[in-house]
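Residues per chain, in single letters:
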Amino acid sequence: GWIFRALYDYNSTYFGQVSYRRDASSRFHPDHRWGNFYSFGGAWIMTKEPWMKDVEWLNSLKLKASFGQNGNDNISDFLYTDTYSINKGEGNDISLTLLSKGNEKITWETVTNINAGVEFEMFSSRLRGSVEYFYRKTTDMLCCLYVPLSVGYAGYYSNVGDMANKGVEI
């Protein structure tokens with residue numbers, strides 16, 4: 001894999017971050033082996049602004065937001081190829097039996113996170129807290145699809161679904 005990351009801090013008031021990952025996994029077919037994942041975020045400490053200096057009861061106020069992606073390849077090896085067992089029959093007869101059906105199209109499961117929020121300290125830092133909205137979406141979920149055993153195998157892996165989770169954290 002490859003990674004690039006850059007951080008920025010201007011006057012301890014404005015902050016930024018950008019990253020890029022390019023990962024490969026031998027668990028996927030060579031045509032689908034590489035995944036690209038990005039993230040960026042920023043924060044602004046509003047109480048460091050000159051126009052906020054007269055607000056004595058507010059010790060710290062920070063706005064922040066971020067977007068990021070990462071990949072998941074948490075599956076067994078060689079699920080992109082058919083696997084067989086070699087069986088010895090009567091005498092010197094040899095036969096092949098399909099053990100598992102492969103799927104060359106399986107690829108990275110991608111998790112996307114979006115966050116936006118505020119952190120604060122008030123009344124000589126006696127009250128501290130944060131309020132944050134989050135949205136997490138998983139796409140191309142890796143899952144085993146089961147088929148009738150009469151087909152000759154139990155199932156195969158595929159990228160079959162999406163799932164989202166969102167809410168407010170206080």
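Up top you'll find the structure we're talking about.
Just so it is clear, the structure is predicted and the values come from calculations on it, not from any experiment.

1. Here's the deal with the overall build of the protein
Turning to step 1, where the next piece is worked out: Across its full length, the protein carries zero helices and nine strands.
Turning to step 2, where the next piece is worked out: The secondary structure elements of the protein, listed N-terminal to C-terminal, are β-β-β-β-β-β-β-β-β.
Turning to step 3, where the next piece is worked out: For 170 residues, the compact-globule estimate of 2.2 N^0.38 gives 15 Å, and the protein exceeds it by more than 25% at 25 Å.
Turning to step 4, where the next piece is worked out: Structurally, the protein occupies a C-alpha span of about 95 × 30 × 20 Å along its principal axes.
Turning to step 5, where the next piece is worked out: A buried classification covers 24% of the 170 residues belonging to the protein.

2. Concerning the sheet that holds strand S9 (residues 155-169)
Turning to step 1, where the next piece is worked out: What the seven strands build is an open sheet, ordered S1-S2-S3-S4-S7-S8-S9; its pairing is antiparallel. Looking at strand neighbours, the two that pair on one side only are strand S1 (2-10) and S9, the edges of this open sheet. If you compare each strand with its neighbour and ignore which way they point, the axes differ by 5° on average.
Turning to step 2, where the next piece is worked out: Where strand S3 (residues 34-45) meets strand S4 (residues 58-72), seven bridges bridge the pair, whose relative direction is antiparallel. Looking at the pairing, Gly42 lines up with Ala65 of S4.

3. Description of the packing of aromatic side chains
Turning to step 1, where the next piece is worked out: Tallied over the full model, the rule gives eight aromatic pairs.
Turning to step 2, where the next piece is worked out: Geometrically, the ring pair formed by Tyr14 and Trp44 is stacked, given 6.4 Å between the ring centres and 15° between the ring planes. Linking Tyr14 in strand S2 (residues 14-24) with Trp44 in strand S3, this pair joins segments that are 30 residues apart in sequence.
Turning to step 3, where the next piece is worked out: The class for Tyr14 is partly exposed, based on a relative accessible area of 33%.
Turning to step 4, where the next piece is worked out: Chaining the aromatic ring pairs together yields one cluster made of Tyr10, Tyr14, Trp44 and Trp51.

4. Quick notes on the pairing of strand S8 (residues 127-146)
Turning to step 1, where the next piece is worked out: Note: strand S7 (residues 109-122) against S8, 13 bridges, orientation antiparallel. Each residue of the ladder has a partner; that of Glu119, found in S8, is Ser130.
Turning to step 2, where the next piece is worked out: The pairing of S8 with S9 spans 13 bridges and is antiparallel. Bridge pairing links Cys144 to Tyr157 in S9.

5. With respect to a nonpolar patch on the surface
Turning to step 1, where the next piece is worked out: A contiguous nonpolar surface patch, about 500 Å² in accessible area, is contributed by Tyr84, Ile86, Ile94 and Leu96.
Turning to step 2, where the next piece is worked out: Secondary structure elements with two or more residues in the nonpolar patch: strand S5 (83-88) and strand S6 (94-100).
Turning to step 3, where the next piece is worked out: Here Leu96 lies in strand S6.

What counts, and at which threshold
- Residues numbered from 1 in each chain as written.
- Predicted model: local features only at pLDDT ≥ 70, side-chain atom pairs only at ≥ 80, totals over all residues.
- Heavy atoms only, no water.
- Helix = DSSP H or I, 4+ residues; strand = E, 2+ residues; numbered from the N terminus.
- Rg over C-alpha atoms; globule rule 2.2 N^0.38 Å.
- Buried < 20%, exposed > 50% of the residue type's maximum accessible area, 1.4 Å probe, protein only.
- Pairing = 2+ DSSP bridges.
- Axes fitted to C-alpha atoms, helices over the stretch in contact; angles between N-to-C directions.
- Phe/Tyr/Trp six-rings, centres within 6.5 Å; stacked < 30°, edge-to-face > 60°.
- Patch = residues over 30% accessible without salt bridge, like charges linked within 9 Å, V, L, I, M, F, W, Y side chains within 5 Å.
- Areas by Shrake-Rupley, 256 points an atom, 1.4 Å probe, with all protein chains shown as cover.
- Salt bridge = Lys/Arg side-chain N within 4 Å of Asp/Glu carboxyl O.

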